[in-house]
Amino acid sequence: MSPDEDKIENNDSIELVDVDSQGRATGQHSEHLDKVDSKDEKKKRSVYITTSLSQHQTSDETRARIHNEILSTAAAHGEFDPEMQIEIEEGTVQDTEVKRELKERHTSMIALGGTIGTGLFIGISSPLMNAGPAGALIAYLFMGTLVFGVTQSLGEMATFIPVTSSFTVFTARFISPAFGAASGYMYWFSWCITFALELSVVGQIIDFWTFAVPLAAWIAIFWVLLTVMNLFPVKFYGEFEFWVASIKVIAIIGFIIYCLCMVCGASKKLNGPVGFRYWRHPGAFGPGIISKGINEARFLGWFSSLINAAFTFQGTELVGVTAGETANPRKAVPRAIRQVTARILIFYILSLFFIGLLVPYNDPKLTSSDSYISSSPFIIAIENAGTDVLPHIFNAVILTTIISAGNSNVYVGSRILYGLAKEKLAPGFLCKTSKGGVPYYAVFATSAFGALAFMETSTGGQNAFNWLLNITAVAGFFSWLFISLAHIRFMQALKFRNISRDDLPFKAMLMPGLAYYATFFMLIIIILQGFTAFAPKFSVSDFFAAYISIFLFIGLYCAFQAYFRTSFMRPLHAIDLDSGRRHLDSIVWNDN
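Residues numbered from 1 in each chain as written. Predicted model: local features only at pLDDT ≥ 70, side-chain atom pairs only at ≥ 80, totals over all residues. Heavy atoms only, no water.

Let's shift gears to the overall build of the protein chain. The helix and strand tally for the protein chain stands at 20 helices and 3 strands. When the 592 residues of the protein chain are sorted by exposure, 54% land in the buried category. The contacts in the protein chain between residues at least 6 apart in sequence include a share of 80% that link residues at least 24 apart. Accessible surface computed for the protein chain: about 25300 Å², of which carbon and sulfur atoms make up 61%. (Helix = DSSP H or I, 4+ residues; strand = E, 2+ residues; numbered from the N terminus. Buried < 20%, exposed > 50% of the residue type's maximum accessible area, 1.4 Å probe, protein only. Contact = heavy atoms within 4.5 Å. Areas by Shrake-Rupley, 256 points an atom, 1.4 Å probe, with all protein chains shown as cover.)

Given two aromatic rings, their pairing is described by the distance between the two centres and the angle made by the two planes. As enumerated under the stated definition, the model contains 48 aromatic pairs in all. Consider the rings of Tyr187 and Trp191, whose centres lie 5.9 Å apart with planes at 80°: the pair is edge-to-face. Of this pair, Tyr187 and Trp191 are both found in helix H6 (residues 177–206), 4 residues apart, which corresponds to roughly one turn of the helix. Taking 6.0 Å as the distance between ring centres and 65° as the angle between the ring planes, the aromatic pair formed by Trp223 and Phe454 counts as edge-to-face. One end of the pair, Trp223, is in helix H7 (residues 215–229); the other, Phe454, is in the loop between helix H15 (440–447) and helix H16 (459–472), and 231 residues separate them in sequence. Linked through ring pairs, Tyr185, Trp188, Phe189, Phe449, Phe560, Tyr563 and Phe564 together constitute an aromatic cluster. Arg277 extends its terminal NZ or CZ atom over the ring of Tyr278, reaching a point 6.0 Å from the ring centre. (Phe/Tyr/Trp six-rings, centres within 6.5 Å; stacked < 30°, edge-to-face > 60°. Lys NZ or Arg CZ within 6 Å of the ring centre and 35° of its normal.)

Their axes nearest at 10 Å, the elements helix H4 (residues 125–160) and helix H5 (residues 166–174) cross at an angle of 85°. Judged by the angle between their axes, H4 and H5 are roughly perpendicular. Two secondary-structure elements touch here, H4 through Leu154, Met157 and Ala158 and H5 through Ser166, Phe167, Phe170 and Phe174. In the contact of H4 with H5, the residues fall into 6 nonpolar, 1 polar and no charged. (Axes fitted to C-alpha atoms, helices over the stretch in contact; angles between N-to-C directions. Parallel < 35°, antiparallel > 145°, perpendicular 65-115°, else oblique. Nonpolar A, V, L, I, M, F, W, Y, C, P; charged D, E, K, R; others polar.)

On to the packing of H4 against helix H12 (residues 329–358), then. Two elements in contact, H4 and H12, have axes separated by 10 Å at closest approach and are oriented at 180°. The angle between H4 and H12 falls in the class roughly antiparallel. Its residues placed into classes, the contact of H4 with H12 shows 21 nonpolar, 7 polar and 1 charged.

A few words on helix H8 (residues 234–263). For H8, with 30 residues, the first-to-last C-alpha span of 43 Å sits near the 44 Å given by 1.5 Å per residue. Directly beyond the C-terminal end of H8, a positive phi value near 110° is found at Gly265. (Expected span 1.5 Å × (residues − 1).)

This next bit is on the environment of Thr326. Within the secondary structure layout, Thr326 lies in the loop between helix H11 (318–321) and H12. Residues in contact with Thr326, not counting those within four places in the same chain, are Arg100, Leu102, Thr107 and Ala332.

So, about the side chain of Thr446. Along the chain, Thr446 turns up in helix H15. With near-sequence residues (within four places) excluded, Thr446 lies in contact with Trp188, Cys192, Phe195, Asn409, Val410, Gly413 and Ser414.

Our focus in this paragraph is the confidence of the model for the protein chain. Mean pLDDT over the protein chain works out to 78, with 77% of the residues at or above the 70 mark. Element-level mean pLDDT values for the protein chain span from 38 in strand S1 (residues 14–18) up to 93 in helix H18 (residues 513–528). Per-residue pLDDT stays below 50 along residues 90–95; that stretch engages in 30 contacts with residues further than four places along the chain or on separate chains. (pLDDT = per-residue confidence, 0-100.)

Here we come to H15. Among the residues of H15, those classed as buried are Ala442, Val443, Thr446 and Ser447. Taken down its axis, H15 places every buried residue within 125° of arc, on the same side. (Arc of directions from axis to C-beta.)

With respect to the helices, strands and loops of the structure, Arg501 is situated in the loop between helix H17 (475–496) and H18. Classification of Arg501 as buried rests on a relative accessible area of 17%. Taking the C-alpha atoms as reference, Arg501 lies 7.8 Å from Met491; in sequence the two are 10 residues apart. Apart from residues lying up to four places away in sequence, Arg501 is in contact with Glu156, Met491, Leu494, Lys507, Ala508 and Met511. A distance of 2.8 Å separates the side chain of Arg501 from the side chain of Glu156, its partner in a polar contact. Within the structure, the side chain of Arg501 is placed 3.1 Å from the backbone oxygen of Ala508, a separation counted as a polar contact. (Polar contact = N/O pair within 3.5 Å; in protein donor to acceptor, adjacent residues only side chain to side chain.)

When their charged atoms lie close together, side chains carrying opposite charge are able to pair. Considering all chains together, one arrives at 4 salt bridges under this definition. In this structure, Asp578 engages Arg497 in a salt bridge whose closest nitrogen and oxygen atoms are separated by 3.3 Å. Of this pair, Asp578 sits in the loop between helix H19 (540–564) and helix H20 (582–585) while Arg497 sits in the loop between H17 and H18, placing them 81 residues apart in sequence. The salt bridge partner of Asp502 is Lys507, with a shortest N-O separation of 2.6 Å. Assessed through its relative accessible area of 56%, Asp502 is described here as exposed. We classify Lys507 as partly exposed; its relative accessible area is 41%. (Salt bridge = Lys/Arg side-chain N within 4 Å of Asp/Glu carboxyl O.)

A cluster of nonpolar side chains, namely Phe534, Phe538, Val540, Phe544, Phe551 and Ile554, defines an oily patch on the protein surface of about 580 Å² accessible area. Looking at the secondary structure, you find Val540 in helix H19. (Patch = residues over 30% accessible without salt bridge, like charges linked within 9 Å, V, L, I, M, F, W, Y side chains within 5 Å.)

The amide bond that connects His281 to the next residue, Pro282, takes the cis arrangement and shows omega of 10°. In this chain, Met511 is followed by Pro512 through a cis amide linkage whose omega measures 5°. A positive phi is found at Asn271, a non-glycine position, where the angle reads about 55°. Among the secondary structure elements, Asn271 is positioned in the loop between H8 and helix H9 (277–283). Take Asn271: its relative accessible area is 66%, and that puts it in the exposed class. Of note, Asn498 is a non-glycine position whose phi angle comes to about 60°, a positive value.

Right under this line is the structure:
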């Protein structure tokens, strides 16, 4: 319901029916038609018809149809009274709904290209150095199984109840409002800070070609540009992401084919076929970290690469955010979820495999600081093979990726905030939308954090900025954890209501075991992700940098729990499985 509905007299005899521009009642609130005020001697039924067009007048035909619907519903519930009075009034409300304008190809490509970013292009250098090519490959394969479990859980829930900011909504509905609010705000804040990070990185990527324009200028230019882009209807976001993701997908596939040729001897600079040359010398497993014992050091190096892999995979849950704006979620979301496995195997595992064949873990370029992308294993592999022009092409791909990521940061952050507002976990004005269905207040609130990117231009500010990044780093892990926990409660609620999972639009595989598996290991990763703060000696600053996000989450939860004063976990009978779902069950989707 919109904030304007609070102005209506607060009693059970009032009914709200939305009317579109053609004068048709949408029936959005028809489930309330059976409410009758039993205290009145003469039963009275008041209907308040709302429309977003102030000049619109409800037709006599519509009034007659609503009148008959009320009478028939009352009769069906044994509440018919021939003296029943029916009043129909009209009014206007503020738009508070996003539009379902993302097509299936948009959702699929967002799912494919959504996580191909700096984590893949640059972030895999540390796992390669510490764990070696084989160790890093195993770590990414293992983390891929957790991602598969999380996305399967999300797919089943988001297809059944396709709402915007789905997993924060699911946490609030299926677990508790306090957990939903705490995880939602943590996740929103992480995207706000990540947006600032992307803005600060754009200029550093361009520095690969020229230093003529100062970093602050690039930050200001792209801050304004990306904010304005997010004020357009979601179909434009979907179209932009479709083409940018297509570029990323083509680039990765091209890189894999290129690496295959180089490994098989296409490069004169590499002196013949490379094969597994670097797996033999310097070796398949890296030197490890911290410990002096080689076996223990290698295990710790592998575990650190596991955490790096978890950071790299963050974003695979974005398809859940788009569910509320997808034109046919019952078809598009399952298809996007099913592509996760292929995406993991092709884009991450194959890329890492070939990079491990072309870049030894002791290559000095992996620690280069000449430019932001100089330590990228992708660029190093190309340079080692002696193809001079490709580094420039790939730098352009990375630049496009960063711009796309910044655009997605604002989109995702605004929809998370919008979802919180719709669940009454954030101020109501944040769910107001434009005529194009854009939650503009939420967009501005998210985009405002882009100003933090200017901290990167000063030494003191850079240190503070790094701390902010550390605060939000684990927020993605919490979202994965609560997706799995919410799915466990979702399955329990279905069983309580005698709803078979076989009847769902999309049934997740290997459940509930896979959800418990993902929950267990996400807890382990959240707890141990800062283990380097304890060895070789305890570091107070490293400890707080690694774990302050956990303390922040606990603080948020306690504050919201004190505010809501609800039980630790919703009882099964109180779990809402209907809101955001019922009206979709009767829709015949047009796939054209």
